[in-house]
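# Close look at the chain arrangement
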Amino acid sequence: MSDRPRFALRFISGKYQGGEFPLRMNREIIIGRSSDLDMVLVEDMVSRRHAKISSTDAEVYIQDMGSTNGTFVNGEKIAGRALLHEGDRILVGTSIIKVVAVEGQLAQTTEAEARRKLEAGAQQRQATQGRPMSGVIEEIPLPDLLQLLSTSRKSGVLTVNNGVSLGKIYLRKGAIYFATINDDFAVSPQKAIYRMLTWLTGTFELEPSVEMQVMEEIQESTEGLLMEGVRQLDEFRNMQKNLPPLGSPLAVPTPLAGKLRDLSPSELDTFQLVLDHGQLQKVLDNFPGTDLDAAQNIISLMKREFVVVP
């Protein structure tokens, strides 16, 4: 069949999360709030006629139709027509939609059936949760999610739960201005964000919020934070094999293997934290700089036997 779908749209966040819509070949569908369209998304941030998806035998394109809040593909606001590929993420209103290959029964699903399922799923989610934007970070990694929220100028609190810790990232018109993990204000907001970027599993929710007053707001751009965070993450993972597990105790041996005056000021500060706290995670938490800098110092101190794991 010439119109057999090769791709589908899978809603991975928002009111319609879990819904799927097959993209039949040689077809145009209009997405928007108006009830007479091919894909109806009933929410305030979606325009009456928001975007158009066109498919040929080989390719799928998306085009914004002059919507108020814009259409985004992989974090970039599209101006004209954009070619879509498998794995691309589209943001329309509060819905994050992933382009996926069609599998199994979905290939036989009609557009009318897909519309009914989308609406039924949305009503069920509204009844049980009532939260407009949520999902899992296995589907959309945190760096990608923050890029989308930044470029679409979203405000609110992004709450991320990895099953062990609860992170909160505060956004104002797409700019990150504060962050915490487990409401621990002793850890700097930049360090909290860098740590959250290491989380590979968990759930997220974007909740509207009142403005939070903080003593020291983050000044860096979201893009700058993400670039630096990903760089640190790569380097930290490379050196993690030289570190003990985060919960490990640390101690200072006696006698010392060298002279304290041989240490750099930063290494000396780290040595002091080992004396004060005696555990790797607590040393990282209390170090004034990044986890990466603290880890480099600890590895250096352990190699020179200023610090040991008892």
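Please refer to the structure placed before this passage.
Residues numbered from 1 in each chain as written. Predicted model: local features only at pLDDT ≥ 70, side-chain atom pairs only at ≥ 80, totals over all residues. Heavy atoms only, no water.

## Observations regarding the overall build of the protein chain
- Per the secondary structure count, the protein chain includes seven helices and 16 strands.
- Overall, the C-alpha framework of the protein chain stretches about 80 × 40 × 35 Å when taken along its three principal axes.
- Per-residue burial over the protein chain gives 48% buried out of 310 residues.
- The centroid of the 34 positive side-chain charges in the protein chain is displaced by 3 Å from the centroid of its 40 negative side-chain charges. (Helix = DSSP H or I, 4+ residues; strand = E, 2+ residues; numbered from the N terminus. Buried < 20%, exposed > 50% of the residue type's maximum accessible area, 1.4 Å probe, protein only. Lys, Arg positive; Asp, Glu negative; His and termini not counted. Charge placed at Lys NZ, Arg CZ, Asp CG, Glu CD.)

## A look at the pairing of strand β15 (residues 175–181)
- Most of β15 sits inside the fold, with six of its seven residues counted as buried.
- In this sheet, β15 lies alongside strand β14 (residues 166–172) in antiparallel orientation, the contact comprising six bridges. Paired with Tyr-170 across the strands is Phe-178, a residue of β15.
- The turn joining β14 and β15, which pair antiparallel and follow one another in sequence, is formed by two residues; a positive phi near 50° is taken by Lys-173. (Pairing = 2+ DSSP bridges.)

## Some points on helix α4 (residues 222–239)
- Compared with an ideal rise of 1.5 Å per residue, which puts 18 residues at 26 Å, α4 spans 26 Å between its outermost C-alpha atoms and is within 8% of the ideal.
- If you check which residues of α4 are buried, you get Thr-222, Leu-225, Leu-226, Gly-229, Gln-232, Leu-233, Phe-236 and Met-239. With its buried residues spanning 155° around the axis, α4 presents them on a single face. Looking at α4, the residues exposed on the side facing more than 90 degrees away from the buried face are Glu-223, Met-227 and Asn-238.
- The secondary structure elements touched by the buried residues of α4 are α2 (142–151), β15, α3 (189–196) and α7 (291–303). (Expected span 1.5 Å × (residues − 1). Arc of directions from axis to C-beta. Contact = heavy atoms within 4.5 Å.)

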